[in-house]
Each structure stands twice: as C-alpha cells, then as structure tokens.
Amino acid sequence: LRWKLDLIEKLRGRLNEPAVDFPFDDVSKLDTMEYRRVRITGEFLHEREFYISPRGRFDPGQTFSFLLIQGSIFSTDSLSSHGAHIITPFRLSNSNLIVMVNRGWVPASMISQSSRQSSQPKGIITLDAIVRKSETRPQFISKNMPERGQWFYKDFFEMARYYNTDPIYLEAVYGIQTSVLETITYLISLYFRFSLSVVTFAMWIIRFRK
C-alpha cells in the first residue's frame, strides 16, 4: 500500500510542476518526461481530427456544458462511459513537427465535429499539455481498426502513420490532470485487489488440499 501512495504522490508532483518548453532540440527527451507539462505553440489541423472510443470520465461532473480553454475541450456532463477523447494533430510553430493532442472528453452526442464548431480554435495558439507514452493493447480490448477510423487504445506509431504526424502524443492540461490521477489511482487499486485475490485463492487451494 505504501508504494501505491508513493507512486500517486510522485505523479501528482510531476503534474503540478511548472510547464517546460517542448524539447525541439531532442525529442527523445520525451521518453523520460511522461506526466510532465510542456508548453507548445502552433495550430490545430482540425481536418485530421480523430477520436478514441469508448472512453469514460473519472471525475463526476455537473449539468452538461461545453468548455474551450487553451485549445482543449472538456464536457462537464455527468459521469459516463459513453463518450470519446478527441485527438487533433497540432503543427508546432518554427518546426516541421506535427504532434497529436488529446483535447479532452466529449459525450457520444458531441463526437461529430459538426456538433462543436465553436470549440475549434483557429490560428496560432499556445497551450500546456501533458506528455504521455504509447500503450500495448490491453487484455479484452478490441484491436484498432484505423481503416474504419475506430481506435480503442493508444498506439502512437499506428496513429501517426494514418494521420501523417510524428508519434508524439500530448494531453491538453485542462480537464486531463484529474483524469490522469483518477485513472492511475483506479488502475493501481485494481491491481492491488487482483493481487490480493490471487493470494487468497492460492491459500484456499493449499488449505483444502491438505
């Protein structure tokens, strides 16, 4: 239990550190910067937008509303698994790099870009984002079907190939920080409960085999 609390505090500390400049000089530095804030300037390429679904919220919200802050979008709908994370390629200024930015969660009714035109910032903007790493396909999760535009988990290299970006994935800060911490806490707790169940089951087997 102690290591779990220490890990959560370590990640919370990283998330609360001031944003640093994006490492244009050496993007390999991002490999050791997961959960760090970086500041980026550039423009969104909305015509290449896609989404990861289904995705749920981990923080209870209020009555539905729609927010646009520093290029991120965030619904304050009530807790739900019927939604998606909107991913928009972002061309960095003074660079040839195009990164992917998770702009936040929306309910299923707002996945279509035509339903949220007011949330599509135009021109050059500056925003803070969280560095994230790619993931392997979780057990029991369907394979991605990029030819159909269906993404169930984050595979940055596959996404980059389909949307002509660099395999760099960031999460816009607004609304993401709470989700990251809550997700981490939930997954660690799930792992802890699973481990405890395995130990209990093993002890039960040993006892009744005697």
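Rules used throughout
- Along each chain, the written sequence defines residue order, and numbers are assigned to residues from 1.
- Only residues with pLDDT of at least 70 get local features here, since the model is predicted, and only at 80 or more are side-chain atom pairs given and counted; chain-wide, interface and lining totals rely on the full set of residues.
- With hydrogens and water stripped out, all remaining heavy atoms of the structure feed into the side-chain values.
- UniProt positions are given in the numbering used here, feature names are shortened, and annotations may be inferred rather than shown by experiment.
- Strands are runs of DSSP state E lasting at least 2 residues, helices are runs of H or I lasting at least 4, and numbering of each runs from the N terminus.
- Accessibility here uses a 1.4 Å probe with only protein chains present; expressed as a share of the type maximum, an area under 20% marks a residue as buried, one over 50% as exposed, and anything in between as partly exposed.
- For this analysis, residues touch if any pair of their heavy atoms sits within 4.5 Å.
- Throughout, nonpolar core names a set of buried Ala, Val, Leu, Ile, Met, Phe, Trp, Tyr and Cys residues whose side chains join them through atoms within 4.5 Å.
- A pair is scored as a salt bridge if a Lys or Arg side-chain nitrogen falls within 4 Å of a carboxyl oxygen belonging to Asp or Glu.
- Stacked, edge-to-face and tilted are the three classes for Phe, Tyr and Trp ring pairs, Trp counted by its six-membered ring, which pair at centre distances within 6.5 Å; planes under 30 degrees apart are stacked, over 60 edge-to-face, the rest tilted.
- Any two strands with at least two DSSP bridges between them are considered paired.
- Here a cavity denotes grid points, spaced 1 Å and computed from the protein atoms alone, that fit a 1.4 Å probe unable to get out, and a pocket denotes an open set having protein on both sides within 12 Å along at least 5 of 7 lines; residues with an atom within 4 Å of a point are the lining.
- Grid points are joined across faces, edges and corners, and a volume is the space filled by probe spheres set on the points.

An unreviewed UniProt entry annotates the protein chain as SURF1-like protein originating from Angiostrongylus cantonensis. The heading Function (unreviewed entry) in the UniProt record of the protein chain holds the text "Probably involved in the biogenesis of the COX complex." Recorded in UniProt under Sequence similarities (unreviewed entry), the annotation for the protein chain is "Belongs to the SURF1 family."

Undergrad: What is the right way to read the overall build of the protein chain from this model?
TA: Along its length, the protein chain carries three helices and nine strands. With 210 residues in all, the protein chain has 44% of them scored as buried. For the protein chain, the share of sequence-separated contacts (at least 6 apart) that also reach a separation of at least 24 residues comes to 65%.

Undergrad: Would you mind showing me how to read the nonpolar core here?
TA: Burial of nonpolar side chains together is a common tendency in soluble globular proteins. Counting residues in hydrophobic clusters, the biggest one holds 18 residues, and the most contacted among them are F22, I40, F90, V99 and L170. Of all the secondary-structure elements, those providing two or more residues to this core are strand 2 (37–44), strand 6 (83–92), strand 7 (98–107), strand 8 (125–132) and strand 9 (169–172). The element best represented in this core is strand 8, accounting for four residues. When sequence neighbours within four positions are dropped, the list of residues in contact with I40 reads F22, F90, L92, V101, I125, T126, L127 and L170.

Undergrad: Explain the pattern of salt bridges here, please?
TA: Any two side chains of opposite charge can pair, given that their charged atoms come close. Throughout the structure, instances matching the rule amount to seven salt bridges. For R132, the salt bridge is made with E34, and the minimal N-O distance between the two is 3.4 Å. Here E34 lies in the loop between strand 1 (20–21) and strand 2 and R132 lies in strand 8, a separation of 98 residues in the sequence. One salt bridge in this structure joins R116 and E49, with 2.6 Å as the shortest N-O distance. Pair noted here: R116 is in the loop between strand 7 and strand 8 and E49 is in the loop between strand 2 and strand 3 (50–52), with a separation of 67 residues, a long-range link.

Undergrad: Just checking my understanding: could you explain the packing of aromatic side chains for this structure?
TA: Between two aromatic rings, the relevant description is the distance of the centres plus the angle of the planes. All chains considered together, the criterion is met by seven aromatic pairs. Look at F44 and F90: their rings are 4.8 Å apart centre to centre, the planes differ by 70 degrees, and that puts the pair in the edge-to-face class. One end of the pair, F44, is in strand 2; the other, F90, is in strand 6, with 46 residues separating them in the sequence. Judged by its relative accessible area of 6%, F44 falls in the buried class.

Undergrad: Explanation requested: the side chain of T165 in the structure shown.
TA: With respect to the helices and strands, T165 occurs in the loop between helix 2 (156–163) and strand 9. We classify T165 as buried; its relative accessible area is 12%. With residues near it in sequence (within four places) discarded, T165 still touches R48, P89, I98, M100 and A160.

Undergrad: Looking at this structure, I do not really get the pairing of strand 6. What am I missing?
TA: In summary, the side chains of a regular strand alternate between the two faces of the sheet. The buried count for strand 6 comes to nine of ten residues, which makes it a mostly enclosed element. Here strand 2 pairs with strand 6 via three bridges, running antiparallel. Among the inter-strand pairings, E43 is bridged to a residue of strand 6, identified as R91. Here strand 3 runs beside strand 6; their pairing, made up of three bridges, is antiparallel. Bridge assignment links F50 to a residue of strand 6, and that residue is I87. Alignment of strand 6 against strand 7, held across nine bridges, turns out to be antiparallel. Looking at the pairing, R91 lines up with I98 of strand 7.

Undergrad: Which parts of the structure should I look at to understand the layout of surface pockets?
TA: A probe matching the size of a water molecule, rolled over the atoms, marks out where space remains unfilled. Looking at the second largest pocket, its volume works out to about 270 Å³. The wall of the second largest pocket is formed by 16 residues, among which L30, D31, F156, P167 and I168 lie closest to the centre. Looking at the lining of the second largest pocket, the elements with two or more residues in it are strand 8, helix 2 and strand 9.

Undergrad: I tried to follow unusual backbone geometry on my own but got confused; where do I start?
TA: Both trends apply: most residues other than glycine have a negative phi, and most peptide bonds are in trans. For the bond from S53 to P54, the omega torsion is 0 degrees, close enough to zero to count as cis. Here P54 is to be found in the loop between strand 3 and strand 4 (66–69). With phi around 75 degrees, Y35 is a residue other than glycine that occupies positive phi space. With respect to the helices, strands and loops of the structure, Y35 is situated in the loop between strand 1 and strand 2. Positive phi, normally seen in glycine, also occurs at F140, with a value near 75 degrees. Structurally, the position occupied by F140 is in the loop between strand 8 and helix 2.

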